[in-house]
Structure formats: structure tokens, C-alpha cells
Amino acid sequence: METSITTSQKNTATFIHLSVFSQFLFPLGNFIAPLIIWAALKRDSLFVDNHGRRALNFQMSTFLYAIGLVLIAIPFLVWQGLIAAGEQGYISEETFANMVFPGQASGLIITALVFALLLLALFVITLFSVISAAVSASNGEEYKYPLSINFLKPLGASEQETASASSSEV
């Protein structure tokens, strides 16, 4: 059982949280990078294991929230587009030119802006949460992400000992 958290463990947990920013370098980097680091080092420390689980849980949760927002937005945008098309049933060149005026396409514009703002809010929450988690990890503290669904439940000390004992028997 661990009595203290080493600097190496703090750095590893911090790096797990910060590795989600690799999504800006390659697709799905926010899942792949933390998963690789966590899978390689989770047996070394309960602290690293729990931070890795929480980072992955939060990334999976925000992905689901973003997909949900997009899936909810699509019917609204299609419906608003049909209203903007009017009686013709399609958006002609003339109708499209008239959509420059907010009166013609105000519903479509407002709907798109609302969902864009919701996605932006989710992005900002993600940025602040990841940075807060990295700071907490570097201080040797546990961090619970907001709005996170526990797909991978964090382990307690007794569960970690049981899990490491069963994996060493295999």
C-alpha cells in the first residue's frame, strides 16, 4: 500500500492529463495518448491509475456530449432550413440570396448559433477542467472532473491490491 506519492508519480499523472491536448496534433489524440500512458504505468501507482481513469472518463464523456449536441442540432437545422426554403421545397439561388437578410433565415442562424455556443462552452469547460486536473495532479491531490461519467471506476487501495495480485498470477 502506498504511503506517499512520489514526484515521478505526480509528473506522470500530470502528463496524462496534459496529453489530452495532443488532439490538436493528431485525430483522437485526446484518447490515444492518455490511454497509452495510463496502460503502461497504471500498475505502478494507485495515484497514477486513478488519474488516468478519470482523464479517460472525462474525454469519453465530453465526446458523448459533443456527439449528442450534434445529433440534437441536426433535426433543428434541417427543420429551419426547410422553413427557409419556403413553399418551393428547395433552396433556389434566389432564396439563398434572400437568406442574407436575417428575416428569411433568422431561425436557422439562431439555431446554429445556439448549438455552436453550446459546443464552445463544452470546449471551454474541457480546457479549464484538464488544466485544473493537471495542477491538482502536480500537487499530489485527487481531482474529480465535472460532468464526467464513470466508465472506468477509480479504484480504492484494497481494490488496487486485489487487481495487482490477480494480474501477477496470470
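Residues numbered from 1 in each chain as written. Predicted model: local features only at pLDDT ≥ 70, side-chain atom pairs only at ≥ 80, totals over all residues. Heavy atoms only, no water.

*Asks:* Tell me about the overall build of the chain, residues and numbers included.
*Replies:* Of the regular secondary structure elements, the chain holds six helices and zero strands. Put simply, the chain runs from its N terminus to its C terminus through helices and strands in the order α-α-α-α-α-α. Entry remark: accessible area of the chain is about 10400 Å², with carbon and sulfur atoms responsible for 69%. (Helix = DSSP H or I, 4+ residues; strand = E, 2+ residues; numbered from the N terminus. Areas by Shrake-Rupley, 256 points an atom, 1.4 Å probe, with all protein chains shown as cover.)

*Asks:* Tell me about helix 1 (residues 7-18), and name the residues and values.
*Replies:* For helix 1, built from twelve residues, the straight-helix expectation of 16 Å at 1.5 Å per residue is met to within 8% by its first-to-last C-alpha distance of 16 Å. For helix 1, the set of buried residues is Gln9, Thr12, Ala13, Thr14, Ile16 and His17. (Expected span 1.5 Å × (residues − 1). Buried < 20%, exposed > 50% of the residue type's maximum accessible area, 1.4 Å probe, protein only.)

*Asks:* Please give an account of unusual backbone geometry that cites residues and values.
*Replies:* One non-glycine residue, leucine 28, lies in positive phi territory at about 60 degrees. Along the chain, the position of leucine 28 falls in the loop between helix 1 and helix 2 (29-41). A positive phi is found at leucine 147, a non-glycine position, where the angle reads about 60 degrees. The residue leucine 147 is located in the loop between helix 5 (102-138) and helix 6 (157-169) in this model.

*Asks:* So what's going on with the pattern of salt bridges? Which residues, and what values?
*Replies:* Applying the stated criterion to the full structure yields two salt bridges. Among the ionic pairs, arginine 53 bridges to aspartate 49, the shortest N-O distance being 3.2 Å. Of this pair, arginine 53 and aspartate 49 are both found in helix 3 (residues 46-85), four residues apart, which corresponds to roughly one turn of the helix. Where arginine 54 meets glutamate 142, a salt bridge forms, and the shortest distance between an N and an O atom there is 2.5 Å. Here arginine 54 is found in helix 3, whereas its partner glutamate 142 is found in the loop between helix 5 and helix 6, with 88 residues between them in sequence. Judged by its relative accessible area of 42%, glutamate 142 is partly exposed. (Salt bridge = Lys/Arg side-chain N within 4 Å of Asp/Glu carboxyl O.)

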